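Read off the chains here:
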Amino acid sequence: MRRVKGGLGLVGGLVLGLALVLGLRFFGLADVPIASMPSSSTQTDTVVASSSPELAEPLQYEAVTLPRATVHLLTIPVESADTLQVGISDNLQPVSQWGSPEDTVAVLNAGFFDPQNGQTTSYVTIAGELVADPRDNPRLMNNPDLAPYLGKILNRSEFRRLNCGEGIRYVIAAHNTPLPANCTLVDAVGAGPQLLPTDTAFEEGFIDFNQAGEISRDALGSRSLNTRTAVGIKANSDVVWAMVAQRPDGAGPSGMTLGELAEFLSDQGVAFALNLDGGSSSTLYFDGTTHHGRWDAGGNPIQRAVKSVLQLTRSQP
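Conventions and cut-offs
Residues numbered from 1 in each chain as written. Predicted model: local features only at pLDDT ≥ 70, side-chain atom pairs only at ≥ 80, totals over all residues. Heavy atoms only, no water. Pairing = 2+ DSSP bridges. Helix = DSSP H or I, 4+ residues; strand = E, 2+ residues; numbered from the N terminus. Axes fitted to C-alpha atoms, helices over the stretch in contact; angles between N-to-C directions. Salt bridge = Lys/Arg side-chain N within 4 Å of Asp/Glu carboxyl O. Buried < 20%, exposed > 50% of the residue type's maximum accessible area, 1.4 Å probe, protein only.

K.L.:
Explain the sheet that holds strand β7 (residues 124–126) to me, please; I cannot follow it from the model alone.
P.N.:
The strands that make up a sheet are held in pairs by hydrogen bonds between backbone atoms, and each pair lies either parallel or antiparallel. One open sheet holds the five strands; their spatial order is β8-β7-β11-β9-β10, and the pairing between them is antiparallel. In this open sheet, the two edge strands, each paired with only one partner strand, are β8 (129–132) and β10 (168–174). Taken over all neighbouring pairs, the strand axes of this sheet differ in orientation by 35° on average, direction set aside. Relative to β8, β7 runs antiparallel, the two being bridged by three bridges. From the neighbouring strand, Ile 126 faces β8, where its bridge partner is Glu 129.

Structure (structure tokens):
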């Protein structure tokens, strides 16, 4: 592995490998074909850049090149001077258009949504108020194919920002999980399943099994190579954003399975991890550069407009 360190100017000029996909998946609710797993997830090259180097604990951005993917990582120290919060839009909009350049440090796509009606299929809470409720989406609630799974879908996991008196705390938990004692919910965005410490795909209705014990439903194509997005929490409470980009050359399937993403994040020291919306939604904006997860056959980046995001904003002096 080769590790190169640099400042923000390096990030702006970085050319990263992205890729064409095998097909679209439907906001975490529709089945997709199964593809073969890559033979290796060995890290081959890493580029590191730190934001605000004068801070004791700066942000750290990394682009990790693997045989079949490039993983974009942003580590946000728990003591960062910037503010991590959830954002939502009445209208779908691309990650690169979220927030203002003056105030926005980074943006990552987050919760599931229905691209046909623009309504959420994930719970979103901002400033303590539930602002997006999947129960208000008729295409979710009235879908007979999803009726057997609704109880699980409506209790999928979410990334939470809590105020626990002594300071901000980040937690990944199922939607119906009570808050810790003496804590109030500030922001939350749902997605799923949890990747670490255990896979909760069955408990959250993403996969199901037939009587022979074989997987009969795989709503996220978890065993397929695909563009992925996730948020993780390290043991020291630092938050990690991860966006898995496919290769730009179109030379065979690329990306990661959910199992490979979980293993990769564990190797980075992540203790708790939540899968976020992936596929064409997968996009990371950082330091004025938008890193796309997919490219079309003409070599143009694909950037789907999204409903909700995690965003890092500069704290006001």
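K.L.:
Explain the pattern of salt bridges to me, please; I cannot follow it from the model alone.
P.N.:
Any two side chains of opposite charge can pair, given that their charged atoms come close. For the structure shown, the criterion picks out five salt bridges. The closest approach of N and O atoms between Asp 114 and Arg 139, which form a salt bridge, is 2.4 Å. Within this pair, whereas Asp 114 is found in the loop between β6 (104–109) and β7, its partner Arg 139 is found in helix α2 (residues 138–141), the two being separated by 25 residues in sequence. For Asp 114, a relative accessible area of 1% corresponds to the buried category. A relative accessible area of 36% places Arg 139 in the partly exposed class. Linking Arg 160 and Glu 158 is a salt bridge whose minimum nitrogen-to-oxygen distance equals 2.8 Å. Exposure remark for Arg 160: the relative accessible area of 3% places this residue in the buried category.

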